[in-house]
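# Descriptive analysis of the structure
Next come the chains, spelled out residue by residue.
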Number of protein chains: 2
Amino acid sequence: MNRFFSKTCHRLIPYVPGEQPEIGQFIKLNTNENPYPPAPGVAEVLSTVAPALLRLYPDPTAKDLRTAIAAHYGVQQNEVFVGNGSDEVLAFVFQAFFGSEDAIAFPDITYSFYPVYANLYNIPYTTVPLTNAWAVDLSVYPKPLKGIVLANPNAPTGLTLSPEVIEEALKKRPDTLFVVDEAYVDFGGASVIPLVHSYSNLLVVKTMSKSRAFAGMRVGYAVGQSDLLEGIIRVKDSFNSYPLDIIAQKAATASFQDTPYFEQRRQQVIETRERFVQSLNEIGLSVLPSKANFVFVSKPGFDGTAILSYLRENGVLVRHFQKPRLAPWVRVTIGTDSQMSEVVDLLKKWV
Amino acid sequence: MNRFFSKTCHRLIPYVPGEQPEIGQFIKLNTNENPYPPAPGVAEVLSTVAPALLRLYPDPTAKDLRTAIAAHYGVQQNEVFVGNGSDEVLAFVFQAFFGSEDAIAFPDITYSFYPVYANLYNIPYTTVPLTNAWAVDLSVYPKPLKGIVLANPNAPTGLTLSPEVIEEALKKRPDTLFVVDEAYVDFGGASVIPLVHSYSNLLVVKTMSKSRAFAGMRVGYAVGQSDLLEGIIRVKDSFNSYPLDIIAQKAATASFQDTPYFEQRRQQVIETRERFVQSLNEIGLSVLPSKANFVFVSKPGFDGTAILSYLRENGVLVRHFQKPRLAPWVRVTIGTDSQMSEVVDLLKKWV
């Protein structure tokens, strides 16, 4: 390692994202992207934005975008924070609320960026095993905790917790901040955003990457009580005053202004998923009950890498995770109907 | 403060950027933006990019953009790191190389984000006063230091250090990492990027916001030896895998592919600055010798807020800084020739 690396830099174990191959080579079902384009209003923004606007700094508070998001959820604009993808928002959240003197916890199987953030900011963390049925059981989390971080639906399993279960935990642990990462909730889960006004210990983080087909545009947001968000704003304003460029702000606003398109596209993904799961069950594969835009698939007795390699040889990318309990499984993103039919046909031959 | 704020969050004193008023209301000379639009190729990217591309994650390493930047400077692409504005790049640099066990230094008068980063990452820092002639004197910096951070040209004074002076310091302090922030160097300063291959203790940070009219697009970069950049990459991959969206990557690449346009526009700004400085001298105002796209102006015996208020009442925004030594001064960004003539006419009346 270079002699100038800081102590923090020495201890880092960076996150490794899914592979981004050359477009066109593969059916790409490995990083939970949306198979459909973003709302038509987004295309309109790109084709009409004045390039001369780029010479000016963007609105550092992204007020128009926050207003559009707030209107969508029926909250106030000062209850919405936006950032450069939900990864950046989560990084700010970890630094704003947790430190080396705090203890936090999250499931042993969840979004693998959480331990990376904890490590980046030197935050002691405990991982709590999922149950045998792959569920998050909040009753077994240690006490006291400054924070609990939950992906809901969880990744890469796709299983959800109901808002009732989360609300019970919010009541039982008023001194624990619950960070609920709803990256995938629009595909059939139930959001806890309606609970934000009642619970000062709840912060919801969302991304536009999945359900709004914005992975390439990098926009994420958090919804919570305004004095809680103030902490995230303090970190952001000590890091980068302008995390969202002018075009991202305008394009994201256009997406939030077209709810019918959003509803139609997410329903399409949900319906494709349900058909895909039924087909996989029919050919004898195990599938966890997913409310996300991906499913976790295995064939008992086989390693997931066998499925991954077979699909890759046949032009389909999926994702495998190197953890003992996850070894038999692969995560398959829900694409279009015709893409998923192709995967089903391939898996029929393999089985 | 909210009960969930971390210790870090408690101690933060965020950076305050210059005012971003409604466009059209003012001649905006307060945040060092470029008066001209970005290269024509950028407009072409915006009008031809396929919106469907947005559904896919961008290249996390921004290879095409790094290749274009590397070609411009005659370095290798693994000697270039790109991020979401040079503010993000600087934040990564502070965290990658400096920590609570290190000592760093920078001038007492310089870009006011440096102490904010130091505070964010709990890095002990010393500020070293500029000389009476507003110069950075590296011979008076304390020893030992893990890092020295220099804006060259310095802000908000506009004064430069020559590459020879910086090279001498690089030799004298081989165990000190020099972070040279060349945000404004394209307006007449001399870059130290040619020294990068010879000195492992040099890291150059640049922004596209000023000389490439990209403030609204948020693209910054660092140039240094590849094993040094590896530290910044580790921090970035522990924070946000994809800091630059697809459109920013493509637009920035287009800018670097049009060197004649870049040369023409920066010459225009330089010529306007020289004419403006001459006019100010003629009406008896003090102006520091600037190699940036701004000048630092005062009238002995008057507080800078007097100039600021007068110009604001007449539709021109400039910037004033609340530090004792800076109190008499205002910083005026170089706009178009006609904008600067208007400012000269207004100041003539005021004087």
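Refer to the structure presented above.
About the criteria used
Residues numbered from 1 in each chain as written. Chains lettered and ligands numbered in written order. Predicted model: local features only at pLDDT ≥ 70, side-chain atom pairs only at ≥ 80, totals over all residues. Heavy atoms only, no water. Helix = DSSP H or I, 4+ residues; strand = E, 2+ residues; numbered from the N terminus. Buried < 20%, exposed > 50% of the residue type's maximum accessible area, 1.4 Å probe, protein only. Areas by Shrake-Rupley, 256 points an atom, 1.4 Å probe, with all protein chains shown as cover. Lys, Arg positive; Asp, Glu negative; His and termini not counted. Charge placed at Lys NZ, Arg CZ, Asp CG, Glu CD. Salt bridge = Lys/Arg side-chain N within 4 Å of Asp/Glu carboxyl O. Pairing = 2+ DSSP bridges. Contact = heavy atoms within 4.5 Å. Axes fitted to C-alpha atoms, helices over the stretch in contact; angles between N-to-C directions. Core = buried A, V, L, I, M, F, W, Y, C linked by side-chain atoms within 4.5 Å. Least-squares fit on C-alpha atoms with pLDDT ≥ 70 in both. Buried area = accessible area lost by both parts, 1.4 Å probe. Polar contact = N/O pair within 3.5 Å; in protein donor to acceptor, adjacent residues only side chain to side chain. Nonpolar A, V, L, I, M, F, W, Y, C, P; charged D, E, K, R; others polar. Parallel < 35°, antiparallel > 145°, perpendicular 65-115°, else oblique. Left-handed = near helix turned anticlockwise from the far one by under 90°.

## Concerning the overall build of chain A
For chain A, the helix and strand inventory stands at 11 helices and 12 strands. With the C-alpha coordinates of chain A rotated into their principal frame, the extents come out at 55 × 55 × 50 Å. Counting over 351 residues, chain A shows a buried share of 62%. Accessible surface, chain A as shown: approximately 12,600 Å² in total, 52% of it carbon and sulfur. Counting 32 positive and 34 negative side-chain charges, chain A places the centres of these two groups 3 Å from one another.

## Concerning the environment of S279(B)
Residue placement: S279(B) occurs in helix α9 (residues 259-282). Note: C-alpha distance between S279(B) and L203(B) (76 residues apart in sequence) is 37 Å.

## Some thoughts on the pattern of salt bridges
Residue and element names in this part refer to chain B. Inspection of every chain in the model, using the stated rule, returns 18 salt bridges over all chains. Here R266 and E263 are joined by a salt bridge, their closest N and O atoms 3.0 Å apart. Remark: E263 and R266 occur in helix α9; sequence separation between them is 3 residues, near one turn of the helix. R273 is the partner of E274 in a salt bridge, and the nearest nitrogen-oxygen pair spans 2.9 Å.

## Considerations on the side chain of S290(B)
As for its position among the elements, S290(B) is in the loop between β9 (286-287) and β10 (294-298). Given the relative accessible area of 8%, S290(B) is considered buried.

## Considerations on the sheet that holds strand β12 (residues 329-333) of chain A
Residues and elements named next belong to chain A. One open sheet accounts for 3 strands, arranged β9-β10-β12; its pairing is antiparallel. Since the sheet does not close on itself, it has two edges, and those belong to β9 (286-287) and β12, each with one partner. Note: β9 against strand β10 (residues 294-298), 2 bridges, orientation antiparallel. When the sheet's bridge partners are listed, V287 is paired in β10 with V297. Each of β9, β10 and β12 is contacted by helix α9 (residues 259-282), which is oriented at about 5 degrees to β10, the strand it contacts most.

## What to know about the sheet that holds strand β3 (residues 104-107) of chain B
Residue and element names in this part refer to chain B. One open sheet holds the 7 strands; their spatial order is β2-β8-β7-β6-β5-β3-β4, and the pairing between them is mixed. In the strand order of this sheet, the two ends are held by β2 (80-83) and β4 (125-128), each with one partner. Averaged over all adjacent pairs, the angle separating strand axes in this sheet is 20 degrees, with direction ignored. Pairing of β2 with strand β8 (residues 220-224), which is carried by 4 bridges, proceeds in the antiparallel orientation. Across the sheet, the residue bridging to G83 is G220, located in β8. Along the sheet, helix α7 (residues 226-236) makes contact with β2, β6 (177-181), β7 (202-207) and β8, crossing β2 at roughly 25 degrees.

## Some details on the nonpolar core
Within the largest apolar cluster, 171 residues are counted, with the highest numbers of intra-cluster contacts made by L202(A) and L202(B). Sequence-distant contacts of L202(A), that is, excluding residues within four places in its chain, are made with L170(A), L177(A), F178(A), V180(A), V192(A), L195(A), V196(A), G224(A) and L228(A). One finds A118(A), L203(A), L203(B) and I232(B) within the second-largest nonpolar core, a separate group that totals 76 residues.

## With respect to the relation of the copies chain A and chain B
Superposing chain A onto chain B requires a rotation of 180 degrees together with a translation of 0.0 Å along the rotation axis, leaving an RMSD of 0.0 Å. Given the turn and translation reported, the copies of this chain are related as if by a two-fold rotation axis. In terms of C-alpha distance to the rotation axis, chain A has S47(A) as its closest residue, with the C-alpha 2.3 Å off the axis.

## Structural notes on the interface of chain A and chain B
The interface is formed by 90 residues belonging to chain A together with 90 residues belonging to chain B. The largest share of the area that chain A buries against chain B comes from F4(A), Y57(A) and F239(A), three residues that together contribute 12% of it. One can count 2 salt bridges joining chain A with chain B. With its nearest N and O atoms 3.1 Å apart, the salt bridge here joins D175(A) to R3(B). Counting every contact that joins chain A to chain B gives 45 residue pairs in polar contact (both at pLDDT 80 or more). When contributions to the side of chain A that touches chain B are tallied by element, the ones reaching two or more residues are α1 (7-11), α2 (40-48), α4 (85-97), α5 (114-120), α7 (226-236) and α8 (246-256) of chain A. Its residues placed into classes, the side of chain A that touches chain B shows 51 nonpolar, 21 polar and 18 charged.

## Some words on the packing of α2(A) against α8(A)
Packed helix pairs are characterised by how far apart their axes lie and by the angle those axes make with each other. Residues and elements named next belong to chain A. With their axes 7 Å apart at the nearest point, α2 and α8 run at an angle of 150 degrees to one another. One finds that α2 runs roughly antiparallel with respect to α8. Once α2 is placed against α8, the crossing between them reads as right-handed. Every residue of α8 that contacts α2 at G41, V42, V45 and L46 is listed here: I247, K250, A251, A254 and S255.

## Points about the environment of S6(B)
The residue S6(B) is located in the segment before α1 (7-11) in this model. In this structure S6(B) comes out as buried when scored by relative accessible area, which is 1%. Excluding residues that lie within four positions of it along the chain, S6(B) makes contacts with Q95(A), A96(A), F97(A), F98(A), G99(A) and K146(A).

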